Amino acid sequence: EPEVTQTPSHQVTQMGQEVILRCVPISNHLYFYWYRQILGQKVEFLVSFYNNEISEKSEIFDDQFSVERPDGSNFTLKIRSTKLEDSAMYFCASSFLLAGGPGGELFFGEGSRLTVL
Amino acid sequence: DAKTTQPNSMESNEEEPVHLPCNHSTISGTDYIHWYRQLPSQGPEYVIHGLTSNVNNRMASLAIAEDRKSSTLILHRATLRDAAVYYCILRDGGAQKLVFGQGTRLTINP
């Protein structure tokens, strides 16, 4: 069964460093998303991406964050200058059609755990 | 975002049916009702979705009230592997996202 894969599974970084989290969505999917989950809290939406541009973003997704689909298969989340509060599990997801409608089931990866020291 | 209300937690026994309720009294006519679950230490997983009619798939059944203001996710025969947080989610018409609430933490007793 096709799946969303994420790397790295765990990254430890120093505050102020840049981090790139990588995702390979399911190959025929058209919509891509990043979510995060701080330990013990709910899953929070960060950004959705379609047709090579951001289609929606949350208040969390400020100028420190960026997303890119550099080569037609990878989907990356970059955090320019990490803060302690960026420590969380980051989930990538993809869907064939727009989330929430028919054919819009989200498929999530296993997550990348980011620890900022 | 359209709002849903779910109990914080529920408990059931292995091999028994589980009915997980969700209230969504402000649902609009075009909102699909989605259920996802998150097993411990994993990403969320799609379970089922529906619009008006009851739906069945290999994982669960979704019973939707006639007025669509509530729905129930039914696990017909719970196993220990079904212990997870279950999320009932509506997407607002033009939104490009699904928003997860707190969900219901389901505990299955052996």
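See the structure above.
How each quantity is defined
- Residues numbered from 1 in each chain as written.
- Chains lettered and ligands numbered in written order.
- Predicted model: local features only at pLDDT ≥ 70, side-chain atom pairs only at ≥ 80, totals over all residues.
- Heavy atoms only, no water.
- Pairing = 2+ DSSP bridges.
- Helix = DSSP H or I, 4+ residues; strand = E, 2+ residues; numbered from the N terminus.
- Patch = residues over 30% accessible without salt bridge, like charges linked within 9 Å, V, L, I, M, F, W, Y side chains within 5 Å.
- Areas by Shrake-Rupley, 256 points an atom, 1.4 Å probe, with all protein chains shown as cover.
- Salt bridge = Lys/Arg side-chain N within 4 Å of Asp/Glu carboxyl O.
- Buried < 20%, exposed > 50% of the residue type's maximum accessible area, 1.4 Å probe, protein only.
- Contact = heavy atoms within 4.5 Å.
- Buried area = accessible area lost by both parts, 1.4 Å probe.
- Polar contact = N/O pair within 3.5 Å; in protein donor to acceptor, adjacent residues only side chain to side chain.
- Axes fitted to C-alpha atoms, helices over the stretch in contact; angles between N-to-C directions.

Asker: Help me out: how do you make sense of the pairing of strand β7 (residues 70-75) of chain B in this one?
Answerer: Residue and element names in this part refer to chain B. Where strand β2 (residues 18-23) and β7 come together, six bridges link them in antiparallel fashion. The residue bridging Val 18 from the neighbouring strand is Leu 75, located in β7. Note: strand β6 (residues 61-64) against β7, four bridges, orientation antiparallel. Bridging across to β7, Ser 61 finds its partner in Ile 74. Where β6 folds back on β7, the antiparallel hairpin that results is connected by five residues, among which Arg 68 adopts a positive phi of roughly 65°.

Asker: Looking at this structure, I do not really get a nonpolar patch on the surface. What am I missing?
Answerer: Residue and element names in this part refer to chain A. A cluster of nonpolar residues, Leu 30, Tyr 50, Phe 96 and Leu 97, forms a patch on the protein surface that exposes about 330 Å² of accessible area. Mapped onto the elements, Tyr 50 comes out in strand β5 (residues 44-50). Of the residues examined, Tyr 50 reaches a relative accessible area of 34% and is grouped as partly exposed.

Asker: I tried to follow the interface of chain A and chain B on my own but got confused; where do I start?
Answerer: Note on interface size: it is often stated as the accessible area lost on association of the parts. Tallying the contact residues gives 22 residues for chain A and 19 residues for chain B. When chain A packs against chain B, close to 1900 Å² is buried across both sides, 55% of that on carbon and sulfur atoms. In this structure, the salt-bridge partner of Lys 97 of chain B is Glu 56 of chain A, at a minimum N-O distance of 3.0 Å. Where chain A packs against chain B, one counts eight residue pairs in polar contact (both at pLDDT 80 or more). Among the secondary structure elements, those contributing two or more residues to the side of chain A that touches chain B are β4 (31-37), β5 and β6 (53-57) of chain A.

Asker: Looking at this structure, I do not really get the sheet that holds strand β4 (residues 45-50) of chain B. What am I missing?
Answerer: Remark on secondary structure: sheet strands pair via backbone hydrogen bonds, oriented parallel or antiparallel. Residue and element names in this part refer to chain B. If you walk across this open sheet you meet the five strands as β1-β9-β8-β3-β4, and the pairing is mixed. Bordering the open sheet on either side are β1 (9-13) and β4, each of which pairs with just one other strand. In this sheet, neighbouring strand axes are inclined to one another by 25° on average, regardless of whether the strands run parallel or antiparallel. In the sheet, strand β3 (residues 33-38) pairs with β4 via five bridges, with the strands oriented antiparallel. What sits directly across from Ile 33, in β4, is Gly 50.

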